[in-house]
Amino acid sequence: MSVATENEGLPSLDVVVPEATREQITGRTLRQIAWMRLRRDRVAKVSVAILLVIVFLAVFAPVLCGLLKVDPYTFHSEVISDNGGLPIGKWGGVSKAHPLGVEPGTGRDILARLLYGSRISLLIAGSAALITVVTGVVVGIVAGNSRGWVDKVLGRFMDLTLAFPVLLVIIAMSPVLEQRVVAAGVPDGNTSRVITLIIVLSVFGWPYLARLIRGQVLGLREREFVEAAISLGASNRRILFKELLPNLWGPILVYTTIAVPGLIGAEATLAYLGISVLPPTATWGSMLEESVGYFTVDPFYFCVPLTMLVAAVLSFNLLGDSLQDALDPKAGRK
Amino acid sequence: MKKSTSIRFGVGAATVAMLLTACGSSSGDGSTTGTKGGTLYILTQGEQILHLDPQRNYTGEDLAFASGYLNRTLTQYTLSKDNATASKLVADLATDTGTASDGGKTWAFTIRDGVKWEDGKPVTCDDVKYGVSRTFASDIITDGPSYAISMLDIPKGADGSSSYPGPYKADAAAQALYDAAVTCEGSKLTFHLASPSSDFNYTVTLSAFAPVRKDADTGEKYDDHVLSNGPYKIQSYVKKSKLVLVRNDQWDPATDSLRPAYPDTIEYDFSLPADVITQRIMADAGNDSNAISPDGIVPTQLAAVFSDPKFEKRRLNDLDPYVRYYAINTKKVPNVKHRQAILAAANREELRKIAGGIYAGDFADGVVKPNIGVDYAPTGLWDTLLGDKVPVTGNPELAKKLIADSGEPFPNPLVVDYAKTPTNDKAISSLVASLALAGITVKPNPLEPGGYYGVVLDPAKQGGMSAGGWAPDWSNASTVLPELFTPSGGFNMSQYDDAAFNAEVAAAKAMTDRGEQAKAWQALSVKSMQAALALPTRFGKEQRLQGSNVSGAYTWGPYGSYPYATLSVK
Amino acid sequence: MFPYIIRRLGLMVVMLTLLSIVTFLLFNAVPTDPAMLTCGKSCTPELVAANRIRLGLDQPLYVQYIDWIKAIFVGRTYGSGTQTFPCNAPCLGYSFRNGEEVTVMIKAALPITIYLALGAFVLWMVFGILSGIYAAKHHTEWQDRVIMGVALVGYSLPVFFIGLVLLIFVVVRLHLLPYPDYVAPQTNPVQFLQTMILPWISLAILYAAYYTRLTRSQMLETLSEDYIRTARAKGLPESVVVRKHGFRAGLTPIVTSAGLDLAGLLGGAVITEYIFSLPGLGRLSIGAVTEYDLPTITATVLVAATFVIVANLIVDMLYAAIDPRVRLS
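Residues numbered from 1 in each chain as written. Chains lettered and ligands numbered in written order. Predicted model: local features only at pLDDT ≥ 70, side-chain atom pairs only at ≥ 80, totals over all residues. Heavy atoms only, no water.

**What to know about the sheet that holds strand E4 (residues 99-101) of chain B**
Strand pairs in the sheet, formed through backbone hydrogen bonds, run parallel or antiparallel to each other. Residues and elements named next belong to chain B. The cut-off we apply is this: What makes two strands pair is DSSP finding at least two bridges between them. Numbering goes from the N terminus for both helices and strands, where a helix is a DSSP run of H or I of at least four residues and a strand is a run of E of at least two. The axes are straight lines fitted to the C-alpha atoms, using for helices just the contacting stretch, and the angles between their N-to-C directions are given from 0 to 180°. Should any heavy atoms of two residues lie within 4.5 Å, those residues are counted as being in contact.
Across the sheet, which stays open at both edges, the 4 strands sit in the order E4-E5-E7-E6 with antiparallel pairing between neighbours. In this open sheet, the two edge strands, each paired with only one partner strand, are E4 and strand E6 (182-185). Averaged over all neighbouring strand pairs, the angle between strand axes comes to 20 degrees, with direction disregarded. In the sheet, E4 pairs with strand E5 (residues 106-110) via 3 bridges, with the strands oriented antiparallel. Across the sheet, Thr99 pairs through a bridge with Ala108, a residue of E5. Each of E6 and strand E7 (188-192) is contacted by helix H5 (residues 172-181), which is oriented at about 65 degrees to E6, the strand it contacts most.

Here it is, written out as structure tokens:
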């Protein structure tokens, strides 16, 4: 997968995902084996724990900020120096009132902005991943299952989509797309912004998964159990949902865990290029963009969003690796 | 002059400003004698010089750069660190600063002998006449000032457009109209104006009145390679990369007392990240000790530069000619009480801290800046004009009261246009918060800096309030108040069209007694604030840093720029 | 082989045509009037109308498209009155914002992007593959973990962070290199290398991390195949097993990825070019986007996408050359 991620059109990850069904094991047992392996994997457990903490912090941001008496939007000019606008005090103005310091220039609380920012970042990455995965799976299954001209047309369409310089097209199209989103009746403002971001991030990701799924489906259709189902006269729908889909969960799951961090990175990159939510709302990306200029004079400010972003991306990637190993039927033989 | 928006994209992209007028607070090395030789490096995040074509050049820093090195104008401002001296006119391409007759309706200049183009041909009166005519070709010669069109005695249509379409398209009849308005007899150049002007010789300091030779004119491509008549000429110019100037051997120092032309080479490096430019000049290593940057110090490094004594000789922090303000669109916010409420509610201290605190400038009380000279007087905006005192942190109670008094609800949401940079993002956040206290909902409208003015100057696209910066074209509020607040002005983001105000402006413009005129401008300045046509935030300051080998650096008042002509490197 | 090549070339022509239509529609059938974008601050309705005619924007969309495509092959003439200027084939349009033919700008920018992409490509392939093989050989040992850990972190950092940190520390703070100032390699090879080394490294870090992971997983996959066991059982030295049997077999997906990644980079490495002030294709296109310079945006997107489609073709051809079965499918 490779949504605009690190700009330069990140490598295409499609090849790493395991072929979940190479061995003749039924989905269920494979799932049990995978679960067992995962539970033994310490890295996976730590990754999941970190991700749960991040999600918890995001979901309960208002409650937590209320408890800590911090607010993401209140200005605190009194803790900002009039000589150049930097926070007064060491570590970017860290104090009891502001546990992670304050933003230069405005004095807004960084912890509160980080927590509230997590909500938007995760919302964007999560929704875009969901749309990407659903579209990719549907198109992949349709293509793999239909063959013939439908498959050909879809295949070319995927090639075409993948040929575009993603980052450029996203930047060029975002303003226009937002106008359309607003015209479609979505409230103008951050709602339309976030929806636009989700759409542009989804548009270019799905073909990777679709290709992968198509390949898997082509393979599965040759399998005896599918052939048996067909010869027994099972309906197309039954074959799709009962025979094919259960065998695709592995690659889908692995793809999702590596798509989400890619999308988080993509949001940051777009923010760096000026495509982000409207102020005063924050995201990890907009905080990074804002703080990167300060990393020589107020490094702590920059480290806060960077740490959060890297922690999330790293945990997802590690979890993806573990899942992949766990789902790999041959792993035990190595 | 318009204030350019910063090129975004960058790491803490600073506001690329340009500007006017020092108030003696400068700490830079203002020595006026320099060493010959060496290369002066100019670093910028811009991708090119917006326009080198003299008729299209209309940003302060670029005007100063081009006039210092490439194109001479009839008259020019004095090169001096002292603001009062700097605002005095001197003859440049002309032999004197011009002679007015017919009550200021006719202005004559004599072109100096011995001034040559870089190919050795003499600069003639006809070259100046041809250059000025190019402004009229407004489909090709874009972005420049339009004083030639508005001031010269050439018939205009009802919509203000000229009957003369410029040299590229004019038929014989149209050309005859221009030839009657601008005449050459030998080296004597005469301008016939439509109405009297007491300071037209200031107008011609703008390079829109500089010569261009007809056979060298390449239309819109002239921007890429101008023919020089100054001490340097273009050796190479690659946009997004660099412009290199070398000595023009046809330039005769005997004809030019303004330009000592110290360095052998000038190298303008484009497309550098803003943050990196400041860090490089701070580090002062290698060629960077011969470097200046018109972009100013990025806000993130202000504290570092101004708290460290080692930069004392290398930094500048002077009032520039620009007023930073938010124009309030009177079409979108028609009720004057509502506009006053915006002024009362805004937290100007927060806005200034975001821009860098005391280094970012002084609190403003109008759009006419003190360094313009006689036309400024305190307006009393924050003490009496709004009905009560408004501290720098705002007075939300007063704002609420004003809205209540207006008898109608505020037209929420208030869309605020601004050029998207990290700093401006913070400023808008401050407005969101402070105006909310008065019940005003701000909707931020971030725009790409490159296309910013194109959007906000289009009434169909402009929001309720738009960030802006404006500096006078010369030291007369006639280049400020009419430009910003009347329909004939080029920068009327307030979309203000009030018959009484327009009439008073017209009357003030026509005044010939400078003292009376100054009083009229002062009164109009108060009126513009009473009508709350704009929220003035700062009389801006420009912070700059130059390499340790650069001497002669100060803020040159008229353009708020470096005095390019006199810069030298050790 | 021959019929296969013809078939693939035909398909490529179809794809390129589709691509040009989509690109054209994407940027020209937008609610924003392209003529409005030609004159910036001093736009007047007359000016817009004049530019509309000068650019042929008064024509129906399909005529504009045909003009645009025709110009690529035979050129066209822009302008009016005495101020006309020819735009020679291959003419990709005229940028009013820059007052220049788009083809000229792309020609100037392209070599820089090619050098950037190729240099980074060599670096990341060498380091990515070597460390991937090394990690696979030491699978489950600490070397593997260290390499994979470093690769994951490199992979997780935002790209602008890597470039900026390298620039600020190596150049600005430590003065280990002069500030990047691009010159053509034939003009000044030393300065060229000094300028390119950091951009190469920062791009390579990103991709090498990915190729390390890819190579490792491919190696592990193939090393567990039966024929590798056979090779080991034969008593072949481990290095021969890894090199001849393991790596060869795992090469195909790496080649696919490499071809497409290289092609993607040739379309411009936007952020790296920006941070290191390299006037390449990415810089050109992002500048065009921020200035709403439609002709330039359309052309750069078309060029970048063409690279990817051509790269697809080349990769397919390579497969066909290696594996005869592909030709028949």
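The rest of the description comes next.
**Here's the deal with the domain arrangement of chain C**
All names here are of chain C. Short version of the rule: By convention here, the domain bounds are inherited from an automatic or database domain assignment. What gets called buried area is simply the loss in accessible area from a 1.4 Å probe that two parts show on being joined, summed for both. What counts as a salt bridge is simple: a side-chain nitrogen of Lys or Arg found within 4 Å of a carboxyl oxygen of Asp or Glu.
The assigned domain composition of chain C is domain 1 (2-101) and domain 2 (105-328). The interface is formed by 25 residues belonging to domain 1 together with 25 residues belonging to domain 2. When domain 1 packs against domain 2, the two sides together hide about 2,200 Å² of surface, and 75% of this comes from carbon and sulfur. One can count 0 salt bridges joining domain 1 with domain 2.

**Overview of the packing of helix H6 (residues 148-163) of chain A against helix H9 (residues 206-221) of chain A**
Residue and element names in this part refer to chain A. What counts is decided by this rule: Note on convention: near helix rotated counterclockwise from far helix by under a right angle means a left-handed crossing. Clockwise means right-handed. Residue classes follow a fixed rule: Ala, Val, Leu, Ile, Met, Phe, Trp, Tyr, Cys and Pro count as nonpolar, while Asp, Glu, Lys and Arg count as charged, and any other residue, Gly among them, counts as polar.
Where H6 meets H9, the axes come as close as 9 Å, and the angle between the chain directions of the two elements is 145 degrees. Seen from above, H6 lies across H9 with left-handed handedness. The residues of H9 that touch H6, namely those facing Asp151, Phe157, Met158, Asp159, Thr161 and Leu162, are Trp206, Pro207, Tyr208, Ala210, Arg211 and Arg214. For the contact of H6 with H9, the residue count by class is 7 nonpolar, 1 polar and 4 charged.

**Section: the interface of chain A and chain B**
Accessible area lost upon the coming together of the parts is a frequently used measure of interface size. Going by this rule: Two N or O atoms count as a polar contact when they lie within 3.5 Å, although within protein this holds only if one can serve as hydrogen donor and the other as acceptor, and sequence-adjacent residues are included solely when both atoms are side-chain atoms.
Opposite the 32 residues of chain A that make contact, chain B presents 33 residues. Here chain A meets chain B over a buried area of about 2,700 Å², counting both sides, of which 58% is carbon and sulfur. In terms of surface lost to chain B, no three residues of chain A exceed Phe75, Asp82 and Pro279 of chain A, which account for 22% of the buried area on that side. Put simply, Asp82 of chain A and Arg352 of chain B hold a salt bridge, and the shortest N to O gap is 3.4 Å. Between the two partners, chain A and chain B, sit 9 residue pairs in polar contact (both at pLDDT 80 or more). For the side of chain A that touches chain B, the secondary-structure elements that each account for two or more residues are helix H12 (249-272) and helix H13 (284-291) of chain A. When grouped by side-chain class, the residues that make up the side of chain A that touches chain B number 14 nonpolar, 11 polar and 7 charged.

**Focus on a nonpolar patch on the surface**
Going by this rule: Only residues whose relative accessible area exceeds 30% and that take part in no salt bridge are eligible for patches, with like-charged residues grouped when within 9 Å of each other and nonpolar side chains (Val, Leu, Ile, Met, Phe, Trp, Tyr) grouped when within 5 Å. Using a 1.4 Å probe, accessible areas were evaluated by the Shrake-Rupley method; residue-level cover was limited to the displayed protein chains.
Nonpolar side chains collect at one region of the surface, where Val55, Phe56, Val59, Phe60, Val63, Leu67 and Leu68 of chain A lie side by side and expose about 650 Å² of accessible area between them. With respect to the secondary-structure elements, Phe60 of chain A resides in the loop between helix H2 (42-59) and helix H3 (61-68).

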